[in-house]
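Letter by letter, the chains look like this.
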Amino acid sequence: MRDFFGRRWRIAGLLAVLWLISGRVAAAHPIPFSYLDLRIGGEAIEASLVAHMIDLAHELGIDEPERLLVPGVAERRAGEIGEILGARLELAAGGRALTAVWAEPEVLRDRQSVRLRFAYDLERMPGSLIVTADLFPYDPQHQTFLNVYEGDDLRTQAILDTDHPRTEYFTGTWQGTGAVIGKFVPQGVHHIMIGPDHVLFLIGLLLLGGSIRKLLIVITAFTLAHSITLSAAVLNLFNPPAHLVEPAIALSIVCVGADNLLVGDGRDMRAWIALGFGLIHGFGFASVLRAMELPTRDVAWSLLSFNVGVELGQVAIVIVAAWLLAALRNWSAVAGRRLAVGGSVVVILAGTFWFVERVFF
């Protein structure tokens, strides 16, 4: 008898636990997603946002989310909904922020959601569209699924959330191509200018001086080499891991400095050094370019534009450094030789420091 009642109490306890768990599951958000469609036309962007009733009810302070599905309720709160979500959804076309015009919401009872329709007027077809959305920050798991259309053609998709609230889309027009070029050329210039390892490698190649023809051959070799591997990595043809590439770049700097000290009156190997180690530097450039979320339909233009930017920055560095070094040698040949030796030592020490740092720390 005691076993019978004990078993009944255990069953009752188990049912109570299951009831509590089921209650918590029912209270949890079943669909922490929103769905945003953007259709880009020549004169306007038509938008549609499907948001779950639990998310909207939370923002509106409604205790019973099902009330939003009652005819007329969502319509009466349309202005408030537009004000809340409009502050958390930003669109910029061609660098200009757009203002949404909201229409009447539509209740989707089968999806327990509300569809919100709105539009953005355009002065002309944009080259790029930047979408920033963090619609329901109270829920860190919430995600917004974005579809971008041009006409009836789905052009790109993205997922926006608290950690990644922004994406940029380039339209399939000449304006879009111009926007790609306008973005990635400056990025290439910026990257070469702020990359001390790339800059030091270039300066190391210039320390021994030489004729304009010789320096052009050295720099052209470096350009050709890193262009090849930059393209190969971005196109996913060959892409070695960063933990190998970065130490190898540091080692290339050590080798340039060491070659400067050891060359003496022997054969000038700088063009071959630039060609060989330029292949490694290209992989370093590629890691930066891939982190920029390349437009899938404009990979070629973004790759070409970034590379052009790198070359422009490189040319600027070479012109300034070569002119200063030549001016010093013309002023004093002894000072020029001392700078070449001292500069090469500094190049070796810097490269060694970066190599140790990237391998062991």
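Everything that follows concerns the structure shown earlier in this document.
Residues numbered from 1 in each chain as written. Predicted model: local features only at pLDDT ≥ 70, side-chain atom pairs only at ≥ 80, totals over all residues. Heavy atoms only, no water.

1. Quick look at the overall build of the protein chain
Part 1 of the reasoning: Along the protein chain, the regular secondary structure elements total 11 helices and 11 strands.
Part 2 of the reasoning: Computed over the C-alpha atoms, the radius of gyration of the protein chain is 30 Å, more than 25% above the 21 Å expected from 2.2 N^0.38 for a compact globule of 361 residues.
Part 3 of the reasoning: Buried residues in the protein chain amount to 44% of all 361 residues.
Part 4 of the reasoning: Of the contacts made within the protein chain by residues no fewer than 6 positions apart, 73% connect residues no fewer than 24 positions apart.
Part 5 of the reasoning: With the model as given, the accessible surface of the protein chain reaches about 19600 Å², and the carbon-plus-sulfur share is 63%.
Part 6 of the reasoning: Of note, the protein chain has its 29 positive side-chain charges centred 7 Å away from the centre of its 35 negative side-chain charges. (Helix = DSSP H or I, 4+ residues; strand = E, 2+ residues; numbered from the N terminus. Rg over C-alpha atoms; globule rule 2.2 N^0.38 Å. Buried < 20%, exposed > 50% of the residue type's maximum accessible area, 1.4 Å probe, protein only. Contact = heavy atoms within 4.5 Å. Areas by Shrake-Rupley, 256 points an atom, 1.4 Å probe, with all protein chains shown as cover. Lys, Arg positive; Asp, Glu negative; His and termini not counted. Charge placed at Lys NZ, Arg CZ, Asp CG, Glu CD.)

2. A word on the pattern of salt bridges
Part 1 of the reasoning: Taken as a whole and assessed by the stated rule, the structure comprises 11 salt bridges.
Part 2 of the reasoning: Ionic pairing is found between R88 and E59, a salt bridge with its closest N-O pair at 3.1 Å. With R88 in the loop between α4 (78-86) and β3 (89-93) and E59 in helix α2 (residues 53-60), this residue pair connects regions lying 29 residues apart in the sequence.
Part 3 of the reasoning: Given a relative accessible area of 26%, R88 falls into the partly exposed group.
Part 4 of the reasoning: Here E106 and R115 are joined by a salt bridge, their closest N and O atoms 3.1 Å apart.
Part 5 of the reasoning: Salt bridges linked by common partners bring E106, R115 and R117 together as one network. (Salt bridge = Lys/Arg side-chain N within 4 Å of Asp/Glu carboxyl O.)

3. Re helix α8 (residues 242-262)
Part 1 of the reasoning: Here α8 is 21 residues long and its end C-alpha atoms lie 30 Å apart, about the 30 Å a rise of 1.5 Å per residue gives.
Part 2 of the reasoning: For α8, the set of buried residues is V245, P247, A248, I249, A250, S252, I253, V254, V256, G257, D259 and N260.
Part 3 of the reasoning: The secondary structure elements touched by the buried residues of α8 are α6 (196-206), α9 (270-290) and α11 (333-360). (Expected span 1.5 Å × (residues − 1).)

4. Considerations on α4
Working note: α-helix, 3.6 residues per turn, so residues spaced by three or four point in the same direction.
Part 1 of the reasoning: Within α4, burial applies to A78, I81, G82, I84 and L85. Mapping the buried residues of α4 onto a view down its axis gives an arc of 165 degrees, with all of them on the same face. Of the residues in α4, the exposed ones pointing more than 90 degrees away from the buried face are G79 and E83.
Part 2 of the reasoning: Looking at the packing, one finds that the buried side of α4 touches β2 (44-52), α2, α3 (73-76), β3, β5 (100-102) and β7 (113-121). (Arc of directions from axis to C-beta.)

5. As for the nonpolar core
Part 1 of the reasoning: Ranked by internal contacts, the top residues of the largest apolar core, which has 39 residues, are L38, I45, L68, L85, L89, L91 and V131.
Part 2 of the reasoning: Counting residues in each nonpolar core, the second largest holds 24 residues, with I219, A221, I253 and L325 among its members. (Core = buried A, V, L, I, M, F, W, Y, C linked by side-chain atoms within 4.5 Å.)

6. Regarding the environment of G210
Part 1 of the reasoning: Relative to the helices and strands, G210 resides in the loop between α6 and α7 (212-234).
Part 2 of the reasoning: Look at G210 and you get exposed, because its relative accessible area is 51%.
Part 3 of the reasoning: Along the backbone, G210 and A326 are 116 residues apart, and their C-alpha atoms lie at a distance of 8.9 Å.

7. Some thoughts on the sheet that holds strand β4 (residues 96-97)
Part 1 of the reasoning: A sheet is described by the order of its strands in space; here four strands give the open sequence β4-β3-β8-β11, paired in antiparallel fashion. The sheet is open, and its two edges are formed by β4 and β11 (166-170), each paired on a single side.
Part 2 of the reasoning: Examined bridge by bridge, β3 and β4 share two bridges and lie antiparallel to one another. Pairing of A93 across the sheet is with R96, part of β4. (Pairing = 2+ DSSP bridges.)

8. Some remarks on the side chain of S302
Part 1 of the reasoning: Along the chain, the position of S302 falls in helix α10 (residues 299-331).
Part 2 of the reasoning: Reaching out from S302, the side chain makes a polar contact with the backbone oxygen of V299 at a distance of 2.9 Å.
Part 3 of the reasoning: Non-local contacts of S302, meaning those with residues more than four positions away in its chain, are made with V180, F184, L289, L294 and P295. (Polar contact = N/O pair within 3.5 Å; in protein donor to acceptor, adjacent residues only side chain to side chain.)

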